[in-house]
Amino acid sequence: MMWKNFSAGVLSVALMAASTPVWAAEEVSPVVTVTQGDVVTAVPAEKTTKASETNKPQAATEQPAVESGNTDKASVAGKTDEAALNSRRIMINLASRSLALYEGTKKIRLYPIGPGKPGTPTPVGYFSIRSKDVNPTWTDPENPENSIASGESNPLGYRWMEIQGNYGIHGTNKPESIGHYVSNGCIRMNEKDVEALFELVKIGTPVEITYNRIVVEKTPDDTVAFYIYPDGYDRQPLDVAEVTRWLAGFGVQNFISDEDIQKKIDASDGEPTYIGKVYNITVDGKKMKNKAVIQDGITYLPAIDLADAAGVNLGWDAAAQVLTSTYGKAIGYDKKDVLYCNADDVATLYHLDGGQSGKDGFAYQKTSAGKAEPSEATAATSVTTGSTERAADPAQPEQHPSTVTQPTDGARSEQADA
């Protein structure tokens, strides 16, 4: 039988520079041999043998039997599942040594992986699943005539998914290597994980590979958490300012100290740090720039943003930690030169009605009493927070020194608008 061979590393440069998705045809090449480190020789589909029953996965996308008279309902279910399949994408973060499967914007699976060694790193960029093979045969990159058929001694395990050329996602016969930088550029997975993933994706599924030491995400209960991973490839130094920029994308940059961020960088342990729950705020239907943050049982709202929206003058006594408005006084909080008030004091300070409305955030409206005239005391008071000073005049919008534009490269945050 004639085998087609691809030279080792022939696509390495192209992969490292890849910047656009590659879409593959909806068919599996019957025979492929590659010779790059964790390499695969796919046995022709008609000659494949089954993996052991203990390794055989249950097809996650398998459809139930169609009962007579229910064909229309089954057809709708089939279309729904097809739409879900088409919306799936794989996100691989080499720094965290993890592979996530998304369905739309929802993360539905998360698996540990073993990516390339520092000397033979896994390339970053945009790819796609180009072929899927069961029971691959491994070919020695140093000696193409040496190969290992599918079985317990095969370093590729029982599944191979090519992402481009010599690089792929596959199983392993060395499960202890998962979680470490171990391969010649491929993505190793535990056998049960790769077999499950194999059934959840199709040829053409997008694959994005990044190297992001910082990951910021919102948990299902709206809590923002962030992680910092070790610099396994020694290519992404971090400092407090960089981490703060990413936290700003979620509106929580003021709710963790610079000292704690530095400790997190020093540890680089990949463990989550939970900051607080984050929600949008609207006043008379207009969305505020800064967020509401619930931390340690207190709901913090941006005091000056609300004052501007309500047309209320606001004063700040830094020594007493007290906010004074046209209507009254309340405790205030200085968070990295940005003032916050407690949600319980919104009516007192601003004469706004409303509050939290589930996951929709906080919605307020001006009271029917309308805007009151400022008293002499509050009209003459200025708001001073650290190095930021502003006369309490609602006609002059607050300049927020802590508002930082979300980065567009470097570390990636899995951001969904609060």
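Residues numbered from 1 in each chain as written. Predicted model: local features only at pLDDT ≥ 70, side-chain atom pairs only at ≥ 80, totals over all residues. Heavy atoms only, no water.

Colleague: Is there a simple way to think about the pairing of strand β14 (residues 206-210) in this case?
Modeller: A regular strand places its side chains on the two faces of the sheet in alternate fashion. By the criterion of burial, β14 is predominantly enclosed, with 4 of the 5 residues buried. Where strand β7 (residues 125-128) and β14 come together, 4 bridges link them in antiparallel fashion. When the sheet's bridge partners are listed, Phe127 is paired in β14 with Val207. (Buried < 20%, exposed > 50% of the residue type's maximum accessible area, 1.4 Å probe, protein only. Helix = DSSP H or I, 4+ residues; strand = E, 2+ residues; numbered from the N terminus. Pairing = 2+ DSSP bridges.)

Colleague: Help me out: how do you make sense of the sheet that holds strand β23 (residues 322-325) in this one?
Modeller: Hydrogen bonding along the main chain pairs the strands of a sheet, whether they run parallel or antiparallel. Strands sit in the order β15-β16-β17-β20-β21-β25-β24-β23-β22 across an open sheet of 9 strands; the sheet is antiparallel. In the strand order of this sheet, the two ends are held by β15 (214-218) and β22 (314-317), each with one partner. Neighbour-to-neighbour, the strand axes of this sheet turn through a mean angle of 35 degrees, independent of strand direction. Along the sheet, helix α6 (residues 303-310) contacts β21 (298-302), β22, β23 and β25 (338-342); its crossing angle with β21, the most-contacted strand, is approximately 55 degrees. (Axes fitted to C-alpha atoms, helices over the stretch in contact; angles between N-to-C directions. Contact = heavy atoms within 4.5 Å.)

Colleague: Quick question: what am I supposed to make of the sheet that holds strand β18 (residues 281-283) here?
Modeller: The 4 strands are arranged β19-β18-β27-β26 in an open sheet whose pairing can be described as mixed. For this open sheet the edge positions go to β19 (286-287) and β26 (352-356), each flanked by a neighbour on one side alone. Looking at chain direction, β18 and β19 are connected through 2 bridges and run antiparallel. Of the residues in β19, the one forming a bridge with Val283 is Lys286. Where α6 meets the sheet, it contacts β18, β26 and β27 (362-366), and its direction lies at approximately 20 degrees from that of β18.

Colleague: Even after reading the chapter, I still don't get helix α4 (residues 240-248), so can you show me in this structure?
Modeller: Residue pairs spaced three or four apart in an α-helix point in one direction, given the helix's 3.6 residues per turn. Burial analysis of α4 places 7 of its 9 residues in the buried class, the great majority of the element. Close packing links the buried residues of α4 with β15, β16 (223-228), α5 (258-267) and β17 (273-279). Its side-chain oxygen 3.3 Å from the backbone nitrogen of Ala241, Asp239 forms the N-cap of α4. (Polar contact = N/O pair within 3.5 Å; in protein donor to acceptor, adjacent residues only side chain to side chain.)

Colleague: Can you help me understand the pattern of salt bridges in this one?
Modeller: If the charged atoms of two oppositely charged side chains come close together, the side chains can form a pair. As enumerated under the stated definition, the model contains 7 salt bridges in all. The partner of Glu242 in a salt bridge is Arg245, and the shortest N-O contact between them spans 3.0 Å. Remark: Arg245 and Glu242 occur in helix α4; sequence separation between them is 3 residues, near one turn of the helix. On the basis of relative accessibility, which here comes to 30%, the residue Arg245 falls in the partly exposed class. With a closest N to O distance of 3.9 Å, Asp269 and Lys264 form a salt bridge. (Salt bridge = Lys/Arg side-chain N within 4 Å of Asp/Glu carboxyl O.)

Colleague: Would you mind going over unusual backbone geometry with me for this structure?
Modeller: When glycine is set aside, most residues are seen to have a negative phi, and most peptide bonds are trans. Residues other than glycine seldom take positive phi values, yet Ser268 does so here, at roughly 40 degrees. Tracing the chain through its elements places Ser268 in the loop between α5 and β17. Backbone geometry at Asp284 places phi at a positive 50 degrees, although glycine is not the residue there. Within the fold, Asp284 resides in the loop between β18 and β19.

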